[in-house]
Amino acid sequence: MKAIQTKQFANAILLPEVVKFLNEGKTVTLRLKGYSMRPFLENNRDKALLVKPSKIAVGDPVLAEISPKHYVLHRIIKIEGNDVTLMGDGNLGVEYCKKENIVGAVIGFYRKDRKNLDSTDGWKWKLYSKVWMTLRPLRRYLLAFYRKLWMPIFGAI
């Protein structure tokens, strides 16, 4: 059996290529990097399945270019005209872009190396999203609890 080789590229190089594939109508599976989507999505463990966005709405997880060659995979928390406000589930601050800078729509996640997709239009994701967004005023404390107490004892969710 041939060994699988893994190569890593800087986001500024990789993600413009991902956008090209999305614009061609292809789907892209992208391994997540960073901690901005905690507590349920983990760095270098989980994957997002992306498509070219057809419509966007508050609550949608999207890939957005927030400045030239600087991309984030975050949730939309507000849309006002052409202005979009984004926030990672594991973040306390927000980021901004224009609607035309939303370059990918997440249609599901592969968590914990599972083969089954957790669809973003399924009941599980919708329930999680509603609860997490409702708890937004407490996010600072919940994330601190998760990072300092939960993870050392139980590991990542």
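Keep in mind it's a predicted model, so treat the numbers as computed, not measured.

## Re the overall build of the protein chain
Part 1 of the reasoning: Looking only at helices and strands, one finds three helices and eight strands in the protein chain.
Part 2 of the reasoning: Its helices and strands taken in sequence order, the protein chain reads α-β-β-β-β-β-β-β-β-α-α from the N to the C terminus.
Part 3 of the reasoning: Computed over the C-alpha atoms, the radius of gyration of the protein chain is 16 Å, within 12% of the 15 Å expected from 2.2 N^0.38 for a compact globule of 157 residues.
Part 4 of the reasoning: Expressed as lengths along the three principal axes of its C-alpha atoms, the size of the protein chain is roughly 55 × 40 × 30 Å.
Part 5 of the reasoning: Buried positions account for 35% of the 157 residues belonging to the protein chain.
Part 6 of the reasoning: Counting contacts in the protein chain only where the partners sit at least 6 residues apart, residues at least 24 apart contribute 49% of the total.
Part 7 of the reasoning: Of the roughly 9900 Å² of accessible surface on the protein chain, 58% is carried by carbon and sulfur atoms.

## Thoughts on the packing of aromatic side chains
Part 1 of the reasoning: In the structure shown here, the tally under the stated rule is four aromatic pairs.
Part 2 of the reasoning: Taken together, a centroid distance of 5.0 Å and an interplanar angle of 35° make the contact between Phe 109 and Trp 125 tilted. Taken together, the positions of Phe 109 in strand 7 (residues 102-110) and Trp 125 in helix 2 (residues 123-134) put the pair 16 residues apart, joining distant regions of the chain.
Part 3 of the reasoning: Of the residues examined, Trp 125 reaches a relative accessible area of 9% and is grouped as buried.
Part 4 of the reasoning: A connected cluster of aromatic rings, assembled from ring pairs, spans Phe 40, Phe 109, Trp 125 and Tyr 128.

## A look at the pairing of strand 3 (residues 61-67)
Part 1 of the reasoning: Where strand 3 and strand 4 (residues 70-80) come together, six bridges link them in antiparallel fashion. Directly across from Ser 67, in strand 4, lies its bridge partner His 70.
Part 2 of the reasoning: Note that strand 3 and strand 7 share three bridges and pair antiparallel. Bridging across to strand 7, Val 62 finds its partner in Ala 105.

## Description of the nonpolar core
Part 1 of the reasoning: By size, the foremost hydrophobic cluster in this structure holds 21 residues, and its most contacted members are Val 18, Leu 50, Leu 63, Leu 73 and Phe 109.
Part 2 of the reasoning: Among the elements of the structure, helix 1 (11-23), strand 1 (28-31), strand 2 (47-51), strand 4, strand 7 and helix 2 are those that each provide at least two residues to this core.
Part 3 of the reasoning: If sequence neighbours within four positions are ignored, Val 18 has contacts with Val 28, Leu 30 and Leu 63.
Part 4 of the reasoning: With eight residues, the next largest nonpolar core counts Val 62, Val 72, Val 84 and Leu 86 among its residues.

## Structural notes on unusual backbone geometry
Where the residue is not glycine, phi is negative for most of them; where a peptide bond is considered, it is trans in most cases.
Part 1 of the reasoning: Looking along the chain, the bond that leaves Arg 38 and enters Pro 39 is cis, with omega of 15°.
Part 2 of the reasoning: Relative to the helices and strands, Pro 39 is located in the loop between strand 1 and strand 2.
Part 3 of the reasoning: The phi torsion at Lys 69 lies on the positive side, around 60°, for a residue other than glycine.
Part 4 of the reasoning: Summarising the element assignment, Lys 69 is placed in the loop between strand 3 and strand 4.

## Looking at helix 2
Part 1 of the reasoning: The terminal C-alpha atoms of helix 2, which comprises 12 residues, lie 16 Å apart, in line with the 16 Å expected from a rise of 1.5 Å per residue.
Part 2 of the reasoning: Looking at the packing, one finds that the buried side of helix 2 touches strand 3, strand 4, strand 7, strand 8 (118-119) and helix 3 (139-154).

## Examining a nonpolar patch on the surface
Part 1 of the reasoning: Residues Phe 145, Leu 149, Trp 150, Ile 153 and Phe 154 make up a contiguous nonpolar surface patch of about 550 Å² in total accessible area.
Part 2 of the reasoning: Within the secondary structure, Phe 154 sits in helix 3.

## Remarks on helix 3
Part 1 of the reasoning: Given a rise of 1.5 Å per residue, 16 residues ought to cover 22 Å, yet the end C-alpha atoms of helix 3 are separated by just 20 Å, more than 12% below that figure.
Part 2 of the reasoning: Along its length, helix 3 shows its largest kink, about 35°, at Tyr 146.
Part 3 of the reasoning: Those residues of helix 3 that fall on the buried side of the exposure criterion are Arg 139, Leu 143 and Tyr 146.
Part 4 of the reasoning: Those residues of helix 3 that are buried lie in contact with strand 5 (83-87) and helix 2.
Part 5 of the reasoning: In the stretch just after helix 3, Gly 155 is the one whose phi turns positive, near 85°.

Calculation notes
Residue numbering note: each chain is counted from 1, following its sequence as written. Selection of residues for local features in this predicted model requires a pLDDT of at least 70, selection of side-chain atom pairs for listing and counting requires 80 or more, and totals for whole chains, interfaces and linings are taken over all residues. To obtain the side-chain values, all non-hydrogen atoms of the structure were used and water was disregarded. We count a stretch as a helix when DSSP gives it H or I for four or more residues in a row; a strand needs E for two or more, and each element gets its number in order from the N terminus. Our radius of gyration is a C-alpha quantity, and the globule rule it is checked against amounts to 2.2 Å times the number of residues to the power 0.38. When accessible area is computed with a 1.4 Å probe and restricted to protein chains, residues below 20% of their type maximum are described as buried, those above 50% as exposed, and intermediate ones as partly exposed. Residue contacts are counted whenever heavy atoms from the two residues lie within 4.5 Å of one another. Using a 1.4 Å probe, accessible areas were evaluated by the Shrake-Rupley method; residue-level cover was limited to the displayed protein chains. Here the aromatic set is Phe, Tyr and Trp, taking the six-membered ring for Trp, and pairing holds for ring centres within 6.5 Å; pairs whose planes are under 30 degrees apart are stacked, those over 60 apart are edge-to-face, and all others are tilted. Between any two strands, pairing holds if DSSP finds at least two bridges. By convention a nonpolar core is built from buried Ala, Val, Leu, Ile, Met, Phe, Trp, Tyr and Cys residues, the set being connected through side-chain atoms within 4.5 Å. To estimate the expected span of a helix, count its residues, drop one, and scale the result by 1.5 Å. Surface patches are defined over residues having more than 30% relative accessible area and no salt bridge, joining like charges when they lie within 9 Å and nonpolar side chains (Val, Leu, Ile, Met, Phe, Trp, Tyr) when within 5 Å. For salt bridges, the criterion is a side-chain nitrogen of Lys or Arg within 4 Å of an Asp or Glu carboxyl oxygen. Two axes define the bend at a residue: one fitted to the seven residues ending there, one fitted to the seven starting there, and the bend is the angle between them.

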